[in-house]
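What follows is the residue order along each chain.
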Amino acid sequence: MTELSGKRIVVGVTGGVAAYKAAELVRLLVKAGAAVDVALTAAGSRFVGAATFQALSGRPVWTDLWDARPDNGMAHIELTRGAAACVIAPATADFIAKLAHGLADDLLATLCLARACPLLVAPAMNRQMWENPPTQRNIAQLRADGVGVLGPASGEQACGEEGLGRMLEAAEIFEEIVAALQPKPLAGRRVLLTAGPTFEALDPVRGITNSSSGRMGFALARAFRDAGADVTVVAGPTEMPTPRGVARVDVVSALDMRAAVLQALPGQHIFVGVAAVADYRPAAAAADKIKKSAAPLTLQLAANPDILAEVAARPDAPFCVGFAAESRDLAAYAEGKRQSKKLPLVVGNLVADGLGGETNAVTLFDAKGAHPLPPGEKLAVARDIVSHIAAMIDPCTV
Ligand code: C5P
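Since we're looking at a predicted model, the values are computed, not measured.

**As for the overall build of the chain**
No. 1: The number of helices and strands found in the chain is 15 helices and 21 strands.
No. 2: Projected onto its principal axes, the C-alpha positions of the chain cover 80 × 50 × 40 Å.
No. 3: For the chain, buried positions account for 48% of its 398 residues.
No. 4: Sequence separation of at least 24 residues holds for 66% of the intrachain contacts in the chain that already meet a minimum separation of 6.
No. 5: Counting every atom, the chain has about 18400 Å² of accessible surface; 54% of that belongs to carbon and sulfur.

Below you can see the structure in the form of structure tokens.
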């Protein structure tokens, strides 16, 4: 993944046990192509040494306000100049208090005050320290000042207590940093998606389903969230984790999916049918397990409702987007679907390129024609689809 190529991120590490997770965060950022400058407080360096961060980032580590390495001697100014973001992980209660009050008594606090780039903090502290009114006041102040507060999570703490105050895991912080750096053309918009397969029961243990993994739907949910939208996913049976901040409704069959979509629909601006909805269901599911016999078994199937076509046909229809996964003649089928379901946009792909895998190659079909997108990981493809949708909805925002 190279989501952060060409970007420079300053990671500030203050004095908490969770500093060990900062080492992993630096590794993830570097792997994603970012140049990472680590600034350690004196307390931070009691937990993880500068040598570790230097080795992981491949760059010098900064600890001293009086560091003479920059030509002008002003590390506190130079470090955040041109940086895409500054991330404090872990952020102790003490450091949060400094940020909230504009104190600048060491290099990291001073560079935070002197920065022009976005600031994100990942608090890490004991439960009582987190819940205490001064910390809550300081956190509210940081939010009001436009600082991104990542977590904290709830769970087991180094002090042996349980509760809110654990720092998010490195991978979660990484995901939040990537999200924070995305453009927000859909801020204030509400998006509803379907994702995954459906499962149509034949009897209590068997059913008709398909090999959709839900990856594309959840990648799109994340891309919409990162673009600033308020996102709800109605998901068929899939193990995919829910992106932070995305609402999820789990369903099993196409009929359940239709009911959940219609319930969540009021107020939505965009509806995207990514789910591979079964076209047919057993006309009647057997109450007991079907027993085998030597005679051939005939299944009676009933057609499922087309959720997307139904939503798109409503007088109050949101902006509707369909997916067309085809095994051949992609352009003809996808454009045919766009017209028959009366959709402004269809995302087409050949099943061999997308279904169930990590990557996808898609072509967008709209009233202006066919637009092939660069093939890539499903999240990268999802971001391109979202920016095309944002441009169609409001050309001025992109
Ligand atoms: O007609 P086809 O099933 O190929 O269309 C695929 C598109 O329609 C996808 O966007 C899918 O989510 C949606 N669909 C639906 N309900 C169905 C069948 C498909 O919403 N019963």
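**Describing unusual backbone geometry**
Note: most residues except glycine have negative phi, and most peptide bonds are trans.
No. 1: Each neighbour pair has its own omega, and for alanine 89 with proline 90 the value is 0 degrees, a cis peptide bond.
No. 2: For proline 90, the location among the structural elements is in strand β3 (residues 85-91).
No. 3: With an omega of 5 degrees, the peptide bond between glycine 151 and proline 152 qualifies as cis.
No. 4: On the secondary structure map, proline 152 appears in the loop between β5 (148-149) and β6 (153-156).
No. 5: With phi around 45 degrees, aspartate 329 is a residue other than glycine that occupies positive phi space.
No. 6: The topology assignment puts aspartate 329 in the loop between β16 (319-326) and α13 (330-340).
No. 7: Of the residues examined, aspartate 329 reaches a relative accessible area of 46% and is grouped as partly exposed.
No. 8: Of note in the backbone geometry, lysine 342 takes a positive phi value of approximately 55 degrees without being a glycine.
No. 9: Tracing the backbone shows lysine 342 in the loop between α13 and β17 (345-350).
No. 10: Look at lysine 342 and you get exposed, because its relative accessible area is 67%.

**Quick look at the nonpolar core**
No. 1: Counting 35 residues, the largest nonpolar core has Ile9, Leu29, Phe53 and Ile173 as its most contacted members.
No. 2: When residues of this core are traced back to their parent elements, those giving at least two are β1 (8-13), α1 (19-31), β2 (35-40), β3, β4 (119-123) and α9 (170-180).
No. 3: Per element, the largest residue contribution to this core is seven residues, and it comes from α1.
No. 4: Once residues within four sequence positions are removed from consideration, phenylalanine 53 is found in contact with Val13, Ala19, Ala22, Ala23, Val26, Val38, Leu40, Val48, Gly58 and Val61.
No. 5: Met216, Ala227, Val321 and Ala390 belong to the second-largest nonpolar core, a separate cluster that totals 34 residues.

**Side note on the side chain of threonine 80**
No. 1: With respect to the secondary-structure elements, threonine 80 resides in the loop between α4 (75-78) and β3.
No. 2: With residues near it in sequence (within four places) discarded, threonine 80 still touches Arg8, Val10, Leu111, Ala114, Arg115 and Cys117.

**Structural notes on the domain arrangement of the chain**
For interface size, the figure often reported is the accessible area lost on association.
No. 1: Partitioning the chain into structural domains gives domain 1 (8-180) and domain 2 (190-397).
No. 2: The partner domain 2 presents six residues to the seven residues of domain 1 that form the contact.
No. 3: Carbon and sulfur atoms supply 41% of the area that domain 1 and domain 2 bury against each other, a total of about 530 Å² over both sides.
No. 4: Interface area lost by domain 1 to domain 2 is led by Glu175, Glu176 and Ala179, which between them contribute 67%.
No. 5: Our count for the contact surface shared by domain 1 and domain 2 stands at four salt bridges.

**Some details on the site of the ligand**
No. 1: What surrounds the ligand is a group of 13 residues, the closest being Gly273, Ala275, Pro305, Phe323 and Lys337.
No. 2: In the environment of the ligand, an oxygen atom lies 2.8 Å from a nitrogen or oxygen atom belonging to the backbone of phenylalanine 323.
No. 3: The site holding the ligand turns out to be the largest pocket.
No. 4: Mapped onto the shell around the ligand, the elements with two or more residues apiece are α12 (307-313) and β16.

Cut-off values and rules
- Along each chain, residue indices are assigned from 1 in the same order as the chain's sequence is written.
- The predicted origin of the model limits local features to residues at a pLDDT of at least 70 and limits the giving and counting of side-chain atom pairs to 80 or more, whereas totals for whole chains, interfaces and linings rest on all residues.
- Side-chain calculation: all heavy atoms of the structure are included, whereas hydrogens and water are not.
- Each helix corresponds to a stretch of at least 4 residues labelled H or I by DSSP, and each strand to a stretch of at least 2 residues labelled E; elements are numbered beginning at the N terminus.
- Only protein chains enter the accessibility calculation, which uses a 1.4 Å probe. A residue is then buried if its area is under 20% of the maximum for its type, exposed if over 50%, and partly exposed in between.
- Two residues qualify as a contact provided that any one of their heavy atoms is within 4.5 Å of a heavy atom in the partner residue.
- For every accessible area listed, the method is Shrake-Rupley and the probe measures 1.4 Å; residues are considered covered only by the protein chains on display.
- Note on terminology: a nonpolar core comprises buried Ala, Val, Leu, Ile, Met, Phe, Trp, Tyr and Cys residues joined through side-chain atoms within 4.5 Å.
- What marks off one domain from the next here is an automatic or database domain assignment.
- Put simply, buried area is the surface a 1.4 Å probe can reach on two separate parts but cannot reach once they are joined, added for both.
- Salt bridge criterion: a side-chain nitrogen from Lys or Arg within 4 Å of a carboxyl oxygen from Asp or Glu.
- Any residue with a non-hydrogen atom lying within 4 Å of a molecule or strand is treated as near it.
- Definition of a polar contact: a pair of N or O atoms within 3.5 Å, with one able to donate and the other able to accept a hydrogen when the atoms are protein atoms, and with sequence-neighbouring residues admitted only if both atoms are side-chain atoms.
- Lining residues are those with an atom within 4 Å of a point, where the points come from a 1 Å grid over the protein atoms alone and group into cavities, where a 1.4 Å probe fits but cannot get out, or pockets, open sets with protein on both sides within 12 Å along at least five of seven lines.
- Should more than half of a molecule's atoms lie within 2 Å of a pocket's or cavity's grid points, that molecule is taken to sit in it.

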